[in-house]
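# Structure at a glance
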Amino acid sequence: MRAQQLVSRPSISFGRNNRMPVDPQKLLALDIPQRHFEFSERDTMLYALGIGFGQNPTDENELRFTFERNLKAVPTMASVIGWDRTWIPATGLNWSQVVHGEEHLNIFRPLPVAGAFTISSRVSDLVDKGKDKGAILRVETTASDRTGPIFRRTSSFFARGDGGFGKLPHIVLDSPPPPAPIPDGKPHACVECVTPPNSALLYRLSGDRNPLHSDPEVAVAAGFPRPILHGLCSYGHACRAVLQALGNYEAERITSFDARFSAPVFPGETLQISMWHTNNAVLFEALVKERNLRVLKNGQAKLR
């Protein structure tokens, strides 16, 4: 994947305190440059491999996403299209204390397998949870082509070290929907997704090269015994499970895909995705089988 305005990627340091205090008004007015982004069939197949497609290379359903014959794009590939964090230093946030909290994706038209988009991003919301509790930052990203918007995603980040600036007088537009409640009772489907030991190294080639997911020294400095899997990789595995549960891997039916991240996953662990069908949605959550730990919650995929 190629974005024209990405000259270099900032490295995110852990354990440093050489930053300026956050200025909430400046952060809300942050100018994130619009950029042109191109991607190819190779990028589409690489993303699918990174979230677990193709582990059975003779599965015809999964070959639709990993082989150029009649290729289809996984809906959650939207989470890596236009990936850019060059604006991070300008936020003033202590990113060593920031975790990805939620991801909300709305798909207006099925993703093409190759193309060129205009990517626009803005800080859509900033909420102070208190000096000792941190803050919530939401960033909205829209991808469009010549005919209009293709998708819009809202990423919510929990900045644990940047609360206490007070309530802000601003209006929030297009805030994400409230979390979907998971029904009581036995799920209608459950899919196990194995994350290979090298899955973070493979997934990072789609855009997110945060060393937390590849460098053992950085992971230890951040408080983990070894590199962790990208939350958005687990999110992609959940989409793969939903596509399988639909019965025919009908990617074009998914119009939105939302989830909360509740705990880290280590490459090599097994995700258990439990799903409940409703009239126009699949509700889901994910556990790490080896630790019986919930890592994705309040998941919801809306369907055409």
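Our structure's up above, just so we're on the same page.
Heads up: these notes are all about the structure in this document. (Residues numbered from 1 in each chain as written. Predicted model: local features only at pLDDT ≥ 70, side-chain atom pairs only at ≥ 80, totals over all residues. Heavy atoms only, no water.)

## Examining the packing of aromatic side chains
To keep things clear, this is the line we draw: Here a pair means two rings of Phe, Tyr or Trp (six-membered ring of Trp) with centres within 6.5 Å. Their orientation is stacked below 30 degrees between planes, edge-to-face above 60, and tilted elsewhere. Helix and strand assignments follow DSSP, with helices taken as H or I runs no shorter than four residues and strands as E runs no shorter than two, numbered in order from the N terminus. Under the scheme applied here, a residue whose accessible area is under 20% of the maximum for its type counts as buried, over 50% as exposed, and between as partly exposed, the area being computed with a 1.4 Å probe on protein chains only. When the NZ atom of lysine or the CZ atom of arginine is within 6 Å of a ring's centre and also within 35 degrees of its normal, the charge is said to sit over that ring.
Tallied over the entire structure, the rule returns 9 aromatic pairs. An angle of 55 degrees between the planes, with centres 6.4 Å apart, marks the rings of Tyr235 and Phe261 as tilted. A residue pair is termed long-range when its members are at least 10 positions apart, and Tyr235 in helix 7 (residues 231-245) and Phe261 in strand 8 (residues 254-261) qualify at 26 residues. The same class applies to Tyr235 as to Phe261, namely buried. For the ring pair Phe257 and Phe284, a centre distance of 5.0 Å and an interplane angle of 25 degrees mean the geometry is stacked. With Phe257 in strand 8 and Phe284 in strand 10 (residues 281-288), this residue pair connects regions lying 27 residues apart in the sequence. Three or more aromatic residues joined by ring pairs make a cluster, and in this case those are Tyr235, Phe257, Phe261 and Phe284. Lying across the ring of Phe53, Arg240 places its NZ or CZ 5.8 Å from the centre.

## Topic: empty space enclosed by the protein
Condition: A pocket here means an open set of points on a 1 Å grid, computed over the protein atoms alone, that has protein on both sides within 12 Å along at least five of seven lines. A cavity is instead a set of points where a 1.4 Å probe fits but cannot get out; residues with an atom within 4 Å of a point line either one. Grid points are joined across faces, edges and corners, and a volume is the space filled by probe spheres set on the points.
The tally for this structure, following the rule as stated, stands at 2 cavities of 30 Å³ or more. Roughly 90 Å³ of internal volume is contained in the largest cavity. Along the walls of the largest cavity sit Arg35, Gly82, Trp83, Asp84, Arg85, Trp87, Ser121, Val139, Thr141, Arg153, Ser155 and Phe157, which together make up its complete lining. Elements with a contribution of two residues or more to the lining of the largest cavity: strand 5 (134-145) and strand 6 (148-159).

## Quick notes on the pairing of strand 9 (residues 270-277)
Rule in force here: Note: two strands are recorded as paired if DSSP finds a minimum of 2 bridges between them.
For strand 9, a buried count of 6 out of 8 residues is recorded, marking the element as mostly surrounded by other parts of the structure. Two strands pair when backbone bridges link them, and strand 7 (residues 189-194) and strand 9 are joined in this way by 6 bridges, in the antiparallel orientation. Each residue of the ladder has a partner; that of Cys193, found in strand 9, is Leu271. Taken together, the 7 bridges between strand 9 and strand 10 define a ladder with antiparallel strand orientation. For Ser274, the partnering residue across the bridge sits in strand 10 and is Glu285. Taken together, strand 9 and the strand that follows it, strand 10, pair antiparallel across an intervening segment of 3 residues.

The quantities given are spatial measurements derived from coordinates; they are silent on function.
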